[in-house]
Amino acid sequence: MIPLTHIPLPDRALLRLDGPEAKDFLNGLISNDARHLGPEAPLFAALLSPQGKFLFELLLAEWQGAVWLDTEAATAPELEKKLKMYRLRAKVEIAPQAGWRGYALLNAGPDMAIPAEGFAFTDPRLAGLGQRLWLPEGVPPPGVPGEMAAYEALRLQLGVPDGTRDIERDKGLLLENHFEALNGVDFNKGCYVGQELTARTKYRGLVKKQLFQVQAETALPARGSLVLLDGQEAGELRTSLGNHGLALLRLEAVAKAAAGGQPLTCEGIALTARLPDYAAPKQ
């Protein structure tokens, strides 16, 4: 039997939003419908620039009557500042939660016991990513400790992007990076920051690039390395582990490579590329 495993996520941070208008406040800002958030219904979303470009990745949970934002630690202070800028007269308090620790829980069963001091939720992007757990510092997580490399391998195996490691800030588009397939965009909600470009990209079929899973016979080069097709730029490598990784690639180039022409290469290494299973066209 595979044991319950907890993997520390030191690159994540937590913000707490309190107040009767917290969900409505977020709903006017983020790509998903915050009104659907509930104690048993976490959400995945992004906060975009007014021009519709990616800025912040968010996992949202509701616990003890508050809204909790699980986000990248490196950009959390900027996110807090931006939320407070947008707050105006909304009845909501926004505060960072220093002293809390985030974990990925793998192999969790339905009867898993969570320490009363914290909360857990199924990853709203893909259930295969396990659960996310947040506890105050000093409270031991359940299960046995695991390595970050195991979680990274799982993420890449599933083809799920990881915030700014895989999506260029103030440049990346949600639909290039599978936010719709990962339950991170609601096209039926009202207006939010950056909505116009996101909707236009979908309804006019303007997606020219997408995030692909890539594989090679040897270890992949560094993040940011160019992917080429017949000597012409076809995209850029994102995160990788060993010979598996993610790359943002032009759809036209991937189609040409698949049709039997020259292979995609990165630093002279031949690549195979495919869309993640969750984002592949339905048959």
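Residues numbered from 1 in each chain as written. Predicted model: local features only at pLDDT ≥ 70, side-chain atom pairs only at ≥ 80, totals over all residues. Heavy atoms only, no water.

## Here's the deal with unusual backbone geometry
Let me state the cut-off plainly: In DSSP terms, a helix is any run of H or I states spanning at least four residues, a strand is any run of E spanning at least two, and both are numbered starting from the N terminus. Under the scheme applied here, a residue whose accessible area is under 20% of the maximum for its type counts as buried, over 50% as exposed, and between as partly exposed, the area being computed with a 1.4 Å probe on protein chains only.
Not every positive phi belongs to a glycine, and Asp 170 is a case in point at roughly 60°. Mapped onto the elements of the fold, Asp 170 is located in the loop between α3 (148-158) and α4 (195-203). On the basis of relative accessible area, Asp 170 is assigned to the partly exposed category, the value being 47%.

## What about α4?
Under the convention used in this document: The directions considered for the arc are those from the helix axis to the C-beta atoms. Any two residues having at least one pair of non-hydrogen atoms within 4.5 Å are treated as being in contact.
Within the sequence span of α4, burial applies to Leu 197, Thr 198 and Thr 201. Taken down its axis, α4 places every buried residue within 100° of arc, on the same side. Opposite its buried face, α4 presents the exposed residues Glu 196 and Tyr 203, each directed more than 90 degrees away. Buried residues belonging to α4 abut β3 (43-48).

## Things to note about the sheet that holds strand β13 (residues 232-241)
The criterion, for reference: Only strands joined by at least two bridges in the DSSP assignment are considered to pair. Interaxial angles span 0 to 180 degrees and are taken between N-to-C directions of axes, which are lines fitted to C-alpha atoms, for helices over the stretch in contact.
Around the barrel, six strands lie side by side as β11-β14-β13-β12-β15-β16; this closed barrel has antiparallel pairing. The average undirected angle you get between the axes of adjacent strands in this sheet is 40°. Bridge analysis of β13 against strand β14 (residues 244-250) gives five bridges, and the strand direction is antiparallel. Across the sheet, Glu 236 pairs through a bridge with Leu 248, a residue of β14. Against the sheet, α3 engages β11 (209-215), β13 and β14, with an angle of about 145° to β13.

## Structural notes on the pairing of strand β16 (residues 269-274)
Here β11 pairs with β16 via three bridges, running antiparallel. Counted as the bridge partner of Gln 215 is Thr 272 from β16. Pairing analysis gives three bridges linking strand β15 (residues 264-266) to β16, with the strands arranged antiparallel. For Thr 265, the partnering residue across the bridge sits in β16 and is Ala 270. Counting the residues in the hairpin turn of β15 and β16 gives two residues, including Glu 267, whose phi is positive at 55°.

## A short note on the environment of Pro 110
Among the structural elements, Pro 110 can be located in the loop between β7 (100-106) and β8 (119-122). For the pair Pro 110 and Ser 240, spaced 130 residues apart in the sequence, the C-alpha separation amounts to 32 Å.

## Here we look at the side chain of Asp 162
Going by this rule: In the analysis that follows, any N or O atom pair within 3.5 Å is treated as a polar contact, provided that within protein one partner can donate a hydrogen and the other can accept it, and provided that, for residues neighboring in sequence, both atoms belong to side chains.
Looking at the secondary structure, you find Asp 162 in the loop between α3 and α4. Exposure remark for Asp 162: the relative accessible area of 10% places this residue in the buried category. For Asp 162, the side chain forms a polar contact with the side chain of Arg 165, separated by 2.8 Å. Ignoring any residue separated from it by four or fewer positions in sequence, one finds Asp 162 in contact with Asp 11, Arg 12, Glu 57 and Arg 155.

## Regarding the nonpolar core
Put simply, the test is: Take the buried residues of types Ala, Val, Leu, Ile, Met, Phe, Trp, Tyr and Cys, join any two whose side-chain atoms come within 4.5 Å, and each joined set is a nonpolar core.
Counting residues in hydrophobic clusters, the biggest one holds 32 residues, and the most contacted among them are Trp 68, Trp 100, Phe 119, Tyr 151, Leu 174 and Phe 179. Listed by contribution, the elements that provide at least two residues to this core are β3, β4 (54-63), β5 (66-72), β7, β8 and α3. Among the elements that line this core, the one with the most residues is β4, at four residues. Setting aside residues up to four positions removed in sequence, Phe 119 forms contacts with Leu 14, Ala 61, Trp 63, Trp 68, Trp 100, Ile 114, Arg 132, Leu 133 and Trp 134.

## Some details on the pairing of β13
In this structure, strand β12 (residues 226-229) lies alongside β13, joined through four bridges in antiparallel fashion. Bridging from a neighbouring strand, Leu 228 pairs with Glu 233 of β13. Between the end of β12 and the start of β13, which pair antiparallel, lie two residues, with Asp 230 showing a positive phi angle near 55°. Linkage of β13 to β14, two consecutive antiparallel strands, is achieved through a turn of two residues, within which Gly 242 is found at a positive phi near 65°.

## As for the sheet that holds β8
Strand order in the open sheet made by the five strands is β8-β9-β7-β1-β10, with mixed pairing throughout. Each of the sheet's edge strands pairs with one partner strand only, and the pair in question is β8 and β10 (144-145). The strands touched by α3 are β1 (5-8), β7 and β9 (131-136); relative to β1, the strand with the most contacts, the crossing angle is about 95°.

## Things to note about the pattern of salt bridges
Pairing between side chains of opposite charge can happen when the charged atoms of each approach one another. Defined as follows: For salt bridges, the criterion is a side-chain nitrogen of Lys or Arg within 4 Å of an Asp or Glu carboxyl oxygen.
The full count for this structure, using the stated rule, is 23 salt bridges. With a closest N to O distance of 2.9 Å, Asp 277 and Arg 274 form a salt bridge. A relative accessible area of 60% places Asp 277 in the exposed class. Several salt bridges converge on common partners, so that one network encompasses Arg 12, Glu 57, Asp 70, Asp 123, Arg 125 and Arg 132.

## Regarding the packing of aromatic side chains
Note the threshold: Two rings from Phe, Tyr or Trp (for Trp, the six-membered ring) form a pair when their centres are within 6.5 Å of each other. A pair whose planes differ by under 30 degrees is stacked, one over 60 is edge-to-face, and the rest are tilted. Here, over-ring charges are defined by two tests on the NZ atom of lysine or the CZ atom of arginine: distance to the ring centre within 6 Å, and angle to the ring normal within 35 degrees.
For the structure on display, the rule yields 10 aromatic pairs. Taken together through their ring pairs, the aromatic side chains of Trp 63, Trp 68, Trp 100, Phe 119 and Phe 121 make up a single cluster. Directly above the ring of Phe 56 sits Arg 169, whose terminal nitrogen or CZ lies 4.7 Å from the centroid. Sitting over the ring of Phe 187, Lys 202 keeps its end group 5.0 Å from the ring centre.

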